Amino acid sequence: MALLALALMASGAGVMLLIAHAGVADARAVLWWAVLSVGGLAAMAALVRLGATQRLADPSLSIPQMAWTITSGAVAYVLAGEARGIVPAVLAMILFFGTFGLSLAQMLGVGLYALVAFALAVTGTARFDGSRYGTLDAAYAAMVAIVLLGCLALNLRIQQIRARLQEQRQELSRALALNRELATRDELTGLLNRRHMLELMQLEQRRADRSGRNLVLALLDIDHFKHINDTHGHAVGDRALQAFAATVRASVRNTDVLARWGGEEFVLMLSDTRTDDAADLLERVRCAVATQALHDGGASVCFTVSIGLASYARGEALEQTLERADRALYTAKDSGRDRVVVATLHSPARSLAA
Ligand SMILES: Nc1nc2c(ncn2[C@@H]2O[C@H](COP(=O)(O)OP(=O)(O)OP(=O)(O)O)[C@@H](O)[C@H]2O)c(=O)[nH]1
């Protein structure tokens, strides 16, 4: 905007110099006017370009530039003599471009200032060249008023478009946030989903490879979940999954990561945890699940969980760790469910009695 206003002002100054050359206006006065008008705007444009206005409330100096332009236009109106009719046209163009950078309140302020400045200019003209306030001056004043009204209407429209754009931007960022949430979370339980968990596990695997710290993966599967669905209905089954997720989350540290692996199966990742400590923790999880009850009308719904856990062996693929945890889980199921089984690297899985 600063450079555009400067270019328009320079063109206006050129026109004024031509008028002076034609002998209609005082050449000396017009020259001074041109230097001050263009110089003032050039100084402001330079300040904006150099970043010297960054800390101001109006860093692009829109208001001072508009005020300067209007003042300069009003003075030009007085100086241009009989050719003053062209001043409102040049001013209209500058005001029109200025409209884009101003708020409605600022535009109203600028408009009011322009009205006062031109009222003074019209009065000044009558004194300066001895002419009386005539019909032509009334027409020029009317043109300035029309231009200002047009700029106000345009500004209003711009504000509406900006508000709509802002709304659309907010809607878009809300949709993106929801998208991100859906891409990483399981909608029912609010836990991480399988895809995101796999990414986190790979990250943790790299950390374990580097640090040599123990990394434990556990598979948790609710026992006879189909029976809950069949007896109490799918909605109670869903509530059971939510309650299970909440119970497990409440039993582990917030640095441990729990994810829904699919259906009624969950994965818990315990980093920097010894296998024995993990087994103790999961035993506590098993007990917490076994003692919780869900209410379905008058009936209470209880369920248990079988857990298989395996420690990551440095250099192996995560799939291998998960496979060992899965085998341990199935040992737990085969041995009567409601128990924790620890997978060992080579020997058969070790079961903790329920
Ligand atoms: N309500 C509900 N049920 C689900 C959801 N996802 C999977 N299920 C059900 O979970 C049940 C899993 O049944 P099975 O794989 O036979 O396992 P189970 O009955 O728990 O038996 P075991 O694992 O052997 O103890 C199926 O009936 C699925 O329909 C879910 O999001 N909501």
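The name an unreviewed UniProt entry gives the chain is diguanylate cyclase, with Paenacidovorax monticola as the organism. As recorded by UniProt, the Catalytic activity (unreviewed entry) comment attached to the chain reads in full: "2 GTP = 3',3'-c-di-GMP + 2 diphosphate".

Okay, the site of the ligand next. If you check the shell around the ligand, you find 17 residues, and the closest are Asp223, Phe225, Lys226, Gly237 and Gly263. Only strand S1 (215–222), helix H8 (225–232) and helix H9 (234–251) provide two or more residues apiece to the shell around the ligand. Here the shell around the ligand is composed, by residue class, of 4 nonpolar, 6 polar and 7 charged.

All right, on to the UniProt feature "coiled-coil region" (unreviewed entry) in the chain then. As recorded in UniProt, the feature "coiled-coil region" (unreviewed entry) lies at residues 151–185. Here residues 151–185 runs as 97% helix and 0% strand, with 50 Å between its end C-alpha atoms.

Across a regular strand the side chains alternate sides, sitting on one face of the sheet and then on the other. Taken across its 8 residues, S1 has 8 buried, putting it largely inside the fold. Burial along S1 is two-sided: Leu215, Leu217, Leu219 and Asp221 facing one way and Val216, Ala218, Leu220 and Ile222 facing the other are all buried. Relative to strand S3 (residues 265–271), S1 runs antiparallel, the two being bridged by 7 bridges. Looking across to S3, one finds that Leu220 is bridged to Phe266.

This part takes up unusual backbone geometry. For Leu61, which is not a glycine, the phi torsion comes out positive at approximately 50°. Position of Leu61 relative to the elements: it lies in the loop between helix H2 (27–49) and helix H3 (62–79). For Asp338, which is not glycine, the phi torsion reads 50° and is therefore positive. Relative to the elements of secondary structure, Asp338 occurs in the loop between helix H11 (318–334) and strand S7 (340–342).

Its 18 residues give H9 an end-to-end C-alpha distance of 26 Å, which sits within 8% of 26 Å, the value for a rise of 1.5 Å per residue. Taken as a whole, H9 has its buried residues at Gly237, Ala240, Leu241, Phe244, Ala245 and Val248. The arc that holds every buried residue of H9, seen down its axis, measures 135°, which confines them to one face. Exposed and oriented more than 90 degrees from the buried face of H9 are Ala235 and Ala250.

Ranked by internal contacts, the top residues of the largest apolar core, which has 45 residues, are Ala218, Val267, Leu268 and Leu309. Among the elements that line this core, the one with the most residues is S1, at 7 residues. Setting aside its immediate chain neighbours within four residues, Ala218 contacts Val267, Leu268, Ala278, Leu282, Ile307, Gly308, Leu309 and Ala325. Grouped together as the second largest cluster of nonpolar side chains are 43 residues, Ala13, Ala74, Met107 and Val147 included.

We now examine helix H10 (residues 275–291). If you check H10, its first and last C-alpha atoms are 24 Å apart, about what 17 residues at 1.5 Å a residue would give, namely 24 Å. Among all positions of H10, only Ala278, Leu281, Leu282, Val285, Arg286 and Val289 are buried. Down the axis of H10, the smallest arc covering the buried residues is 150°, so these residues share one side. For H10, exposure combined with an orientation more than 90 degrees from the buried face picks out Asp276, Asp277, Arg284 and Thr291. Of the surrounding elements, those touching the buried residues of H10 are S1, H9, S3, strand S6 (305–311) and S7.

To continue, consider the packing of H8 against H9. Running from N to C, H8 and H9 point in directions that differ by 140°, and their axes come no closer than 6 Å. By the criterion of interaxial angle, the relationship of H8 to H9 is oblique. Here H8 contributes Phe225, Ile228, Asn229 and His232 to the contact with H9, which in turn contributes His234, Val236, Gly237 and Ala240.

What counts, and at which threshold
Residues numbered from 1 in each chain as written. Predicted model: local features only at pLDDT ≥ 70, side-chain atom pairs only at ≥ 80, totals over all residues. UniProt positions renumbered as here; feature names shortened; annotations may be inferred. Near = placed C-beta within 6 Å. Helix = DSSP H or I, 4+ residues; strand = E, 2+ residues; numbered from the N terminus. Nonpolar A, V, L, I, M, F, W, Y, C, P; charged D, E, K, R; others polar. Buried ≥ 20, exposed ≤ 12 C-beta atoms within 10 Å, placed from the backbone. Pairing = 2+ DSSP bridges. Expected span 1.5 Å × (residues − 1). Arc of directions from axis to C-beta. Core = buried A, V, L, I, M, F, W, Y, C linked by C-beta atoms within 7 Å. Contact = placed C-beta atoms within 7 Å. Axes fitted to C-alpha atoms, helices over the stretch in contact; angles between N-to-C directions. Parallel < 35°, antiparallel > 145°, perpendicular 65-115°, else oblique.

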